[in-house]
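# Chains, contacts and geometry: an overview
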Amino acid sequence: MLGPDTAWYLVVAAFLFGIGALGVLIRRNPLIVLLSLELMLNGGNLALIAFSRHFHNGAGQIFGLTVMAVAASEVCVGLGLVVAINRKKLPLDVDRLSELRG
Amino acid sequence: MIVASAGNVVVWMVWLVAGFSCLASGVAVISFRNPFFSALALIGNLASLAVMYLLLNAEFVAAAQVLVYAGAVVVMFLFVIAYVGPRREEPWTGGPSWQTLGAVLAAGALLVEIVVAISLDAGHSLGHDGKVGPTFGSPAWIGRLFLVDHLLAFEITSVVLLIAAVGGVILGSHVRRVEPLTSEVAD
Amino acid sequence: MTGGAWLCLLAPLGGTIAILLGGNRLPRVAAGWIATSSVFVAFAGAVWAFIGVRGPQPTCGALGGCFYPPPGELTTAWTWLASGHFSVGLQLLVDPLSTVMMLIVSGVGGLIVLYSIGYMHGDPEERRYFAYIAFFVFSMLLLVEGGNLLMLLVGWGLVGLSSYLLIGFWHERPSAVQAAKKAFVMNAFGDATMALAFFILIAHTGSLSFESAFNVHLSSTTQSLVALGLLGGAAAKSAQIPLQTWLPDAMEGPTPVSALIHAATMVTAGVYLIARTHPIFEQARTVELIAAGIGALTLLVAGLIALVQTDIKRVIAYSTMSQIGYMFLGVGVGAYSSGMFHLMTHAFFKALLFMTAGLAIHALSGEQDIRKMRGLGKLMPFTKWCFLAGALALVGIPPFSGFFSKDSIIASAAALGTWYGWIFWLCGVAGALLTGLYTFRLWFLVFPGEPSAFVQEHHHKEGRFGEGHWTMLVPVGVLAVLATVGGWLQWAPLWHPFTNWLAPAASTLAAAAPTNTQEYYTSAATVIAGLVGIAIAWAIYSEERVKIPYAPFAQRVLENKFYFDALYDRLFYRPAAAIATDLRIDFEEPVILQTGPDLGETTLEAGGMVRRLQTGFLRTYVLFLAFGAAAVVLAFLIAK
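Residues numbered from 1 in each chain as written. Chains lettered and ligands numbered in written order. Predicted model: local features only at pLDDT ≥ 70, side-chain atom pairs only at ≥ 80, totals over all residues.

### Re the overall build of chain B
- Summing up its helical and strand segments, chain B has six helices and zero strands in all.
- Reading chain B from its N terminus to its C terminus gives the helix and strand order α-α-α-α-α-α.
- Residues counted as buried form 26% of the 187 residues belonging to chain B.
- Here the contacts in chain B between residues at least 6 apart in sequence split such that 54% fall between residues at least 24 apart. (Helix = DSSP H or I, 4+ residues; strand = E, 2+ residues; numbered from the N terminus. Buried ≥ 20, exposed ≤ 12 C-beta atoms within 10 Å, placed from the backbone. Contact = placed C-beta atoms within 7 Å.)

The following block contains the structure:
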């Protein structure tokens, strides 16, 4: 085949996942947290599709498409929450939404 | 790795550009203060990923990536960001001071571990893979897989989407008689 | 015939369940009738089984009555316990011995339950009473019908339980609760020794069936241990020395309970046990003779204590102990059929005595002190004559039933011919004198003469006949007839169908079979002794010609029941209480009681520390999640 090995794609996927995780962990704006989640999901997707070709198995691509659908659902609900928070005039800050503090 | 043919060089070049812009836009997504720019950076990220999918013989997924993500998800994001308005990130109000350090540590640890796992296998099972057939990744092939082999997963996914849509509508609708949420300001 | 046995066993259980399920929806009267009819159904089942056992071909002797060869039959419902090679089925044994016991238990039991309808009328917890008493009859039938040693032990434990429940029936009385506990603990001791004996048998034979237990040949020490364990159970259940102290206190229960459990059936279970397991005892002859010795000692001691008791039920209770002493003497020397025969006649006349006493107590609104009862006979003639029939049967005056059964036991002691045989014989005759004395002391104190002021003041007429409800009078009348004629079934020198009947299950040892001469002179001696006892009672208590001999020491000893209670108090209760107190102070309070609060405080402190991790910050939780994922990946890497 042409181009780099599967391993290279996986490294990119791992970095993407790590960047996304870092974003989820350090950003407090729920919108950016959701965007970072998208990065993590895309990292996972890239790995799935790389493996799909590596093993000549279509299931990886199917799984990737499913992940996309789930990501879309998650964004739908997540953005709904953001809209709700905004309507309640609450701060857009995950640290200040600490109703469940023990 | 033998860089022999001209085609191979071109593919490498494309891959390098796509990989670099992918990671750079990822970093941009998490580092802009304004979520509007973050969402725009995500578009770049998604586009470069679509290029990578093309390199991986996944044409249909690449198309879906552009359509679903760039076309629908990011548009939804932009809409909500515009709706919420340009709100700056709230000033630091508390939360453990070790959070950021811990976050870097955890993300770094995950990254290092995964890269180590990949590099352990890079020379062996991940090293070589042969040619794939001409239909690999084509829409017809994907359609047959989806509607014949993985029909149940397909249907379940559609139900999940439906539920999410209903949930989004309920969360966003105006007519609610629930007591207003009271925010407890973290001390 | 096995159908009869199952019917007999399950009818009272059905009655119990029906009453319990009915609960408060059931009218009070209905509970009594359900219990009574279920026990009479059991009696019908017992008759069915009895007819079945009788066998098809009678072989009749010249004068000895007909001899039927009755086969025993074992019926198994299902395998109840199976553990390796050891298995025990839910088995019933229908043989001559068990059918006799079934007839006695369900017959006398039915009469007493019928009597209870009148006696317990108006008690706020009548239903509970009848549920318990039907359950008792079931347990007792399980005991006598049990087809292996384990079933017997189950019945043995259940009668102890129902006895406990019924002694403590009036649970608002502290004394009743105490008495119930005492009975339970004493019986538990016996149950434990029995269980130990069974463990030995299981260890040696791997089975608890009668057959294997009776045919096994163990070393004489082991055999003696098994027999001693069984004897412990029998002595506890039958209130024999040294486990006798619970029975007088058990009189705290309602009088029909005393009649049924503590006179007619449960307390005689020890006698049944020895007769049932006689092959074990015969291989350990010394232990069997110890049983006889215990019986002889108990019959004297209980007879002496009965002389000074003032509570009408306690006098009869000590008399019961004494009569069971006779039965132990009988089965101990090897005259099983005589012991069982005395068990049967005793069930008749002792239940009769208790029930007439119950009539008197009822008529006097619960008064039990015989010193206040003089002259009651004038007001209650039926009770008086029925009591007299029971008293004469108890003393053994011909032709009343006790004469026929008690004399053959004493004659069997004479038949042994050894020195201890003659000691037993003397004890038996002396016991007959004591029996006459205490029985007629009771009689002369309570019934003849002009009614005392107390009686005139407190006596009230009840029922249509003035002496009680008809449900109370009918059983008393029936038992009076049985106490009179019940003994005619067998007069050992001339006819002995009862002995023949029991022969296949428990035939009398040759050494304990008295000759006719021995029977005659024993009878003469006991009747004379009984009459002498009656005469002394008459002289002291009726005519008051003779003053009670002044012997303060003897009186004190008797009134303290030979200090058995005090001895047990010193020997067991006080050391146990002292140890318990020490443990409470040195161990429970510092260690156990303190452990709880300490544990709680430590948990709270630890929880307080963990609580600080629950910041409520979503990102913190995600951080932990990320660390967790990193740890999992690391684990995979290391494993690889």
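### Brief notes about the overall build of chain C
- Per the secondary structure count, chain C includes 26 helices and four strands.
- For chain C, buried positions account for 53% of its 640 residues.
- Taking the contacts inside chain C whose residues are at least 6 apart along the sequence as the reference set, 80% of them involve residues at least 24 apart.

### Thoughts on the nonpolar core
- If you look at the biggest cluster of nonpolar residues, it comprises 205 residues, and the most contacted ones within it are Ile 133, Leu 141, Ala 351 and Leu 352 of chain C.
- The biggest single contributor to this core is helix 15 (residues 336-363) of chain C, with 17 residues.
- The residues contacting Leu 352 of chain C, other than those within four sequence positions of it, are Cys 386, Gly 390, Val 476, Leu 479, Ala 480 and Ala 483 of chain C.
- Counting residues in each nonpolar core, the second largest holds 76 residues, with Val 12 of chain A together with Val 29, Leu 49 and Leu 56 of chain B among its members. (Core = buried A, V, L, I, M, F, W, Y, C linked by C-beta atoms within 7 Å.)

### Quick look at the interface of chain A and chain B
- Listed as interface residues are 69 residues of chain A and, on the opposing side, 79 residues of chain B.
- Secondary structure elements with two or more residues in the side of chain A that touches chain B: helix 1 (6-26), helix 2 (30-54) and helix 3 (59-87) of chain A.
- Considering each element in turn, the side of chain A that touches chain B owes the most residues, 20 residues, to helix 3 of chain A.

### Describing unusual backbone geometry
- The omega angle of the peptide bond from Ile 241 of chain C to Pro 242 of chain C is 5°, so this bond is cis rather than trans.
- Mapped onto the fold, Pro 242 of chain C is located in the loop between helix 8 (220-237) and helix 9 (246-249).
- With an omega of 5°, the peptide bond running from Pro 398 of chain C to Pro 399 of chain C counts as cis.
- Even without being a glycine, Asn 57 of chain B presents a positive backbone phi close to 60°.
- Tracing the sequence through the fold places Asn 57 of chain B in the loop between helix 2 (35-55) and helix 3 (59-84).
- Phi is positive for Ala 239 of chain C, close to 55°, though the residue is something other than glycine.

### Some remarks on the interface of chain C and chain B
- With 13 residues of chain C in contact, the opposing surface of chain B contributes 14 residues.
- Here the side of chain C that touches chain B is built from residues that sort into nine nonpolar, three polar and one charged. (Nonpolar A, V, L, I, M, F, W, Y, C, P; charged D, E, K, R; others polar.)

### Description of the packing of helix 1 (residues 6-31) of chain B against helix 2 of chain B
Residue and element names in this part refer to chain B.
- Packing of helix 1 against helix 2 brings their axes to within 8 Å, and their N-to-C directions diverge by 155°. Taken together, the axis directions place helix 1 and helix 2 in an arrangement best described as roughly antiparallel. Between helix 1 and helix 2 the crossing geometry is left-handed. Facing Val 11, Val 14, Trp 15, Ala 18, Ser 21, Cys 22, Ser 25, Gly 26, Ala 28 and Val 29 of helix 1, the residues of helix 2 in contact are Ser 38, Ala 41, Leu 42, Gly 44, Asn 45, Ser 48, Leu 49, Val 51, Met 52 and Leu 55.
- Along the lines of polarity and charge, the residues of the contact of helix 1 with helix 2 split into 13 nonpolar, seven polar and no charged. (Axes fitted to C-alpha atoms, helices over the stretch in contact; angles between N-to-C directions. Parallel < 35°, antiparallel > 145°, perpendicular 65-115°, else oblique. Left-handed = near helix turned anticlockwise from the far one by under 90°.)

### Remarks on helix 1 (residues 2-22) of chain C
All names here are of chain C.
- Across its 21 residues, helix 1 extends 30 Å between first and last C-alpha, which sits within 8% of the 30 Å expected from 1.5 Å per residue.
- The largest bend in helix 1 is about 25°, located at Leu 10, with the proline Pro 12 one to four residues further on.
- At the exit of helix 1 stands Gly 23, carrying a positive phi of roughly 55°. (Expected span 1.5 Å × (residues − 1). Bend = angle between axes of the 7 residues up to and from the residue.)

### So, helix 2 of chain B
- Across its 21 residues, helix 2 of chain B extends 30 Å between first and last C-alpha, which sits within 8% of the 30 Å expected from 1.5 Å per residue.
- Among the residues trailing helix 2 of chain B, Asn 57 of chain B stands out with phi positive, at a value near 60°.

### Some thoughts on the environment of Ala 453 of chain C
All names here are of chain C.
- Inspection of the secondary structure assignment puts Ala 453 in helix 20 (residues 453-458).
- When the 10 C-beta atoms within 10 Å are taken as the criterion, Ala 453 is described as exposed.
- A C-alpha to C-alpha distance of 9.6 Å links Ala 453 and Gly 375, two positions 78 residues apart in sequence.

### A short note on the confidence of the model for chain C
All names here are of chain C.
- Predicted confidence across chain C gives a mean pLDDT of 84, with 95% of residues reaching 70 or more.
- Low confidence marks residues 59-70, where pLDDT is under 50. Its contacts with residues over four positions away, or in another chain, come to 26 contacts.
- Reported for the predicted complex are a pTM of 0.65 and an ipTM of 0.87. (pLDDT = per-residue confidence, 0-100.)

### Digging into the environment of Val 74 of chain B
Residues and elements named next belong to chain B.
- Residue placement: Val 74 occurs in helix 3.
- Separated by 32 residues in the primary sequence, Val 74 and Leu 42 place their C-alpha atoms 7.7 Å from one another.
- Setting aside chain neighbours within four positions, we find Val 74 in contact with Ala 39, Leu 42, Ile 43 and Tyr 69.

### Focus on the confidence of the model for chain B
- Summing up the model confidence of chain B, the mean pLDDT is 81 and the portion of residues at 70 or higher is 79%.
- Within chain B, the element-level pLDDT minimum falls on helix 4 (residues 99-122) of chain B, averaging 84, and the maximum on helix 2 of chain B, averaging 91.

### Quick word on the packing of helix 8 of chain C against helix 13 (residues 285-306) of chain C
All names here are of chain C.
- Direction vectors running N to C along helix 8 and helix 13 enclose 20°, while the axes themselves pass 9 Å from each other. Taken together, helix 8 and helix 13 sit at an angle that is classed as roughly parallel. Seen from above, helix 8 lies across helix 13 with right-handed handedness. Only Thr 286, Val 287, Ile 290, Ala 291 and Ile 294 of helix 13 make contact with helix 8, whose side of the interface consists of Ser 224, Ala 227, Leu 228, Leu 231 and Ala 235.
- Here the contact of helix 8 with helix 13 is composed, by residue class, of eight nonpolar, two polar and no charged.

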